[in-house]
Amino acid sequence: MKRTIPLIAGVTVLAACSPASEEASAESAGGGEGAAITEEEVTAAQQAWGEGIVSIGQVYTEDGDYQQAARDHIERFYAYGDDSTVLFKPTLAAEDQFRGTFDEALSYFVGGSIAEDGGFAIAPYTNVRWENEGTIIDSDSAMAMGNYYFTTTEGEEVKVEYTFGYIEDENGELKIVLHHSSMPFSAG
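Computed from a predicted structure; not experimentally measured. (Residues numbered from 1 in each chain as written. Predicted model: local features only at pLDDT ≥ 70, side-chain atom pairs only at ≥ 80, totals over all residues. Heavy atoms only, no water.)

*Asks:* Got a sec to walk through the overall build of the chain? Specific residues and values, please.
*Replies:* When helices and strands are tallied, the chain shows four helices and seven strands. Each helix (α) and strand (β) of the chain, taken in turn from the N terminus, gives the series β-β-α-α-α-β-α-β-β-β-β. Expressed as a percentage of the 188 residues in the chain, the buried residues total 39%. Accessible surface computed for the chain: about 10400 Å², of which carbon and sulfur atoms make up 51%. (Helix = DSSP H or I, 4+ residues; strand = E, 2+ residues; numbered from the N terminus. Buried < 20%, exposed > 50% of the residue type's maximum accessible area, 1.4 Å probe, protein only. Areas by Shrake-Rupley, 256 points an atom, 1.4 Å probe, with all protein chains shown as cover.)

*Asks:* Can you break down the nonpolar core residue by residue, with the values?
*Replies:* W49, I53, Y78, F109, Y148 and F150 are the most contacted members of the largest nonpolar core, which has 40 residues in total. Elements with a contribution of two residues or more to this core: α2 (39-61), α3 (66-77), α4 (102-110), β4 (125-138), β5 (141-152), β6 (157-168) and β7 (174-182). Sequence-distant contacts of F150, that is, excluding residues within four places in its chain, are made with W49, I53, F120, Y125, N127, V128, E156, E157, V158 and V160. (Core = buried A, V, L, I, M, F, W, Y, C linked by side-chain atoms within 4.5 Å. Contact = heavy atoms within 4.5 Å.)

*Asks:* Explain the packing of α2 against α3 residue by residue, including any values.
*Replies:* Running from N to C, α2 and α3 point in directions that differ by 170°, and their axes come no closer than 8 Å. The angle between α2 and α3 places the two elements in the roughly antiparallel class. Facing A45, A48, W49, G52, I53, I56, V59 and Y60 of α2, the residues of α3 in contact are Y66, A69, A70, H73, R76 and F77. Within the contact of α2 with α3, the residues separate by chemical class into eleven nonpolar, two polar and one charged. (Axes fitted to C-alpha atoms, helices over the stretch in contact; angles between N-to-C directions. Parallel < 35°, antiparallel > 145°, perpendicular 65-115°, else oblique. Nonpolar A, V, L, I, M, F, W, Y, C, P; charged D, E, K, R; others polar.)

*Asks:* Break down the confidence of the model for the chain for me, with residues and values.
*Replies:* Per-residue confidence for the chain gives a mean pLDDT of 83, with 81% of residues at or over 70. Per-residue pLDDT stays below 50 along residues 1-32; that stretch engages in 31 contacts with residues further than four places along the chain or on separate chains. (pLDDT = per-residue confidence, 0-100.)

Below you can see the structure in the form of structure tokens.
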């Protein structure tokens, strides 16, 4: 069984683990304040982020305040305003490729200040499914890469490639500091 071992002196190790070594590793990771981010926390953050995207679209469909839903989503999941730099390269951004500010991220999710933005999160989607290729954990930061699938209201899944980087805030919550999404390469 493969599992990710936290970075030690800049080296990541994937190891075959027996149940006993997994328990020892879990015990050393601990929990609570000052503990290393866990793969389970990354998975939970991804799941919650996907549910937030679905929720924004649902609020939009029901003629609710989808702008506020998107603001809440960005505040909950991204490190804008936390004295952190956020590197955000959205999937469908071509002219203004990078969204380093809260307002630029908001425009991408629901449309607004950037002309090319049609409002990704108001499509709407009914589900977001994640398939991590791998996760690297370095104590108080983590990176995950893989594919995520956005289910349209017609039941079609749209495959998107991603890399997300997380840090832990002062409340122990994971915040995104790196978000790069792109469509898979197509030769024709």
